[in-house]
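# Working through the structure, step by step
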Amino acid sequence: MKRIIGIIGAMEEEVAKLIAQADITATENIAGMVFRVGSLGGADVVIVRSGMGKVNAGICTQLLVTRFGATHIINTGFAGALSPEVALGNIIVSTEAVQHDFDVSPLGSRKGEIIAGMVAFPADKELVSSACRVIAETLPDVSVHSGRICSGDQFISEKAAKERIISEFGGLCCEMEGAAVAQVCTLNNVPFLILRAISDSADESAGEDFNFSVFQSTVAEEFAKAVVRLIEVIG
Ligand code: ADE
């Protein structure tokens, strides 16, 4: 079956470099999101900026699957570091994603348990191993980690909030969309992967670091290079 890869970034900066390199043949505007259909590195793609947060990411993912026939979804963007092993500019490949702000524990479930018995949504194993290999080959000087990504509807910029997520969920990094993409993909049986470049430390310096990383560093440029190469390989 021909693969159609849906690529989601929350912010314009997170998809602009991919759009610039793609051959876009059609665009469609739905729910305030511009879906760009075309090819990138020889693969059929639909590239879209979802907007920030889990609701936007969920709507966007479902549209990619049901309206655009996406067979695989990649969510790309920036993230704050949670684990002390992870530093600014490192790249994270999701093995699974959790929603750190989902809590029905007063009713007897575990924190983050969205579907009965399920806290973490596992990413596609083939995509995970391709991504780890391709990123290591494309960016040999960049540290790549694979593991859990924690998502929630907050930009984490206080040590106490960061420590709460670490103690309840562990994880390598925090961001605002990945686990919503993961939930929708899981419900639709669509393989997914989340790729994140670390822009900040998710503490009091996060706002300033994020703006610097996103707009001025070479991280974004290098990261986009690796994402394009991955699309080429899996497409
Ligand atoms: N994306 C990038 N940095 C983040 C942070 N500190 N919290 C949530 N999402 C992020």
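Residues numbered from 1 in each chain as written. Predicted model: local features only at pLDDT ≥ 70, side-chain atom pairs only at ≥ 80, totals over all residues. Heavy atoms only, no water.

## Section: the site of the ligand
Formally: We call a residue near a given molecule or strand whenever any one of its heavy atoms falls within 4 Å of it. Whenever two N or O atoms come within 3.5 Å, that pair is a polar contact, provided that in protein one can donate a hydrogen and the other can accept it, and provided that, for residues adjacent in sequence, both atoms are side-chain atoms. Where accessible areas are quoted, they stem from the Shrake-Rupley method and a 1.4 Å probe; at the residue level, only the protein chains shown are allowed to cover. Numbering of helices and strands starts at the N terminus; helices are DSSP runs of H or I of at least 4 residues and strands are runs of E of at least 2. Residues are grouped as follows: Ala, Val, Leu, Ile, Met, Phe, Trp, Tyr, Cys and Pro are nonpolar; Asp, Glu, Lys and Arg are charged; every other residue, Gly included, is polar.
In the vicinity of the ligand lie 13 residues, with G80, F155, I156, E175 and D200 positioned nearest. Interatomic distance of 2.8 Å between a backbone N/O atom of I156 and a nitrogen atom of the ligand. The contact in question runs from a nitrogen atom of the ligand to an N or O atom on the side chain of D200, over 2.6 Å. Relative to its free-state accessible area of 260 Å², the ligand is covered by the protein chains to the extent of 96%. Counting residues per element, the ones that place at least two in the shell around the ligand are β5 (72-81), β9 (173-175) and β10 (192-200). Looking at which element gives the most residues to the shell around the ligand, the answer is β5, with three residues. Looking at the shell around the ligand residue by residue, the classes come out as eight nonpolar, three polar and two charged.

## Let's talk about the pattern of salt bridges
Our working rule: The working definition used for a salt bridge is a side-chain nitrogen of Lys or Arg within 4 Å of a carboxyl oxygen of Asp or Glu. A simple rule labels every residue: compare its accessible area, found with a 1.4 Å probe on the protein chains alone, to the largest value its type can have, and call it buried under 20%, exposed over 50%, or partly exposed in between.
Enumeration over the complete set of coordinates arrives at 15 salt bridges. With a shortest N-O distance of 2.9 Å, D101 and K54 are connected by a salt bridge. Here the residue D101 occupies a position in the loop between β6 (91-99) and β7 (121-122), and K54 occupies one in helix α2 (residues 54-66), the gap between them amounting to 47 residues. Residue classification places D101 among the partly exposed residues on the basis of a relative accessible area of 25%. Here K54 falls in the buried class, since its relative accessible area comes to 14%. In this structure, R148 engages E96 in a salt bridge whose closest nitrogen and oxygen atoms are separated by 2.8 Å. Taken together, the residues span a long stretch of sequence, with R148 in strand β8 (residues 144-151) and E96 in strand β6 at a distance of 52 residues.

## Remarks on the packing of helix α1 (residues 12-21) against helix α7 (residues 219-234)
The description of two helices packed together rests on the angle between their axes and the distance between the axes. As a reminder, the rule being used: Angles run from 0 to 180 degrees between N-to-C directions of axes, and those axes are lines fitted to C-alpha atoms, restricted for helices to the stretch in contact. Angles below 35 degrees are treated as roughly parallel, those above 145 as roughly antiparallel, those between 65 and 115 as roughly perpendicular, and all remaining angles as oblique. Crossing handedness follows the turn of the near helix against the far one: under a right angle anticlockwise gives a left-handed crossing, and clockwise gives a right-handed one. Here a residue-residue contact requires only that any non-hydrogen atoms of the pair lie within 4.5 Å.
In contact at an axis separation of 10 Å, α1 and α7 are set at 55 degrees when each is read in the N-to-C sense. Relative to α7, the element α1 is oriented oblique. Of the two elements, α1 crosses α7, and the hand of that crossing is right-handed. Contacts from K17, L18 and Q21 of α1 reach α7 at A220, E221, A224, V227 and V228. Residue composition of the contact of α1 with α7, grouped by class: five nonpolar, one polar and two charged.

## Let's talk about the nonpolar core
The line we're drawing: For our purposes a nonpolar core is just a set of buried Ala, Val, Leu, Ile, Met, Phe, Trp, Tyr and Cys residues, chained together by side-chain atoms within 4.5 Å.
Membership of the largest hydrophobic core comes to 69 residues, with the highest contact counts inside it found for I73, L193 and L195. Core analysis: the next-biggest nonpolar cluster, separate from the first, contains 10 residues, V119, A120, F169 and C174 among them.

## Quick word on the side chain of K162
Its place among the elements puts K162 in helix α4 (residues 159-169). Of note is the side chain of K162, whose polar atom sits 3.3 Å from the backbone oxygen of A81. Not counting residues within four places of it along the chain, the set of residues in contact with K162 comprises A81, L82, I156, S201 and A202.

## Points about the packing of aromatic side chains
Selection criterion: Each Phe, Tyr or Trp ring, with Trp reduced to its six-membered ring, pairs with another whose centre is within 6.5 Å; inter-plane angles below 30 degrees give stacked pairs, above 60 give edge-to-face pairs, and intermediate values give tilted ones. Our definition puts a charge over a ring when NZ of Lys or CZ of Arg is within 6 Å of the ring centre and also within 35 degrees of the ring normal.
Inspection of the entire model under this criterion finds three aromatic pairs. Between F78 and F210, the aromatic rings sit 6.3 Å apart at their centres with planes inclined by 85 degrees, giving edge-to-face as the arrangement. Taken together, the positions of F78 in strand β5 and F210 in helix α6 (residues 206-216) put the pair 132 residues apart, joining distant regions of the chain. Across the pair, F210 and F78 agree in class, each one buried. Classification of F210 by relative accessible area gives buried; the value is 13%. Three or more aromatic residues joined by ring pairs make a cluster, and in this case those are F78, F155 and F210. The residue whose ring lies beneath R67 is F68, and the NZ or CZ to ring-centre distance is 5.3 Å.

## Side note on the pairing of strand β2 (residues 23-30)
Within a regular strand, the side chains alternate between the two sheet faces. Condition: Strands pair, by our definition, only if DSSP identifies at least two bridges between them.
Of the pairings in the sheet, the one linking β2 to strand β3 (residues 33-40) comprises seven bridges and is antiparallel in character. Across the sheet, the residue bridging to A26 is V37, located in β3. Linking β2 back to β3 in an antiparallel pair, the connection comprises two residues, with A31 at a positive phi of about 50 degrees.

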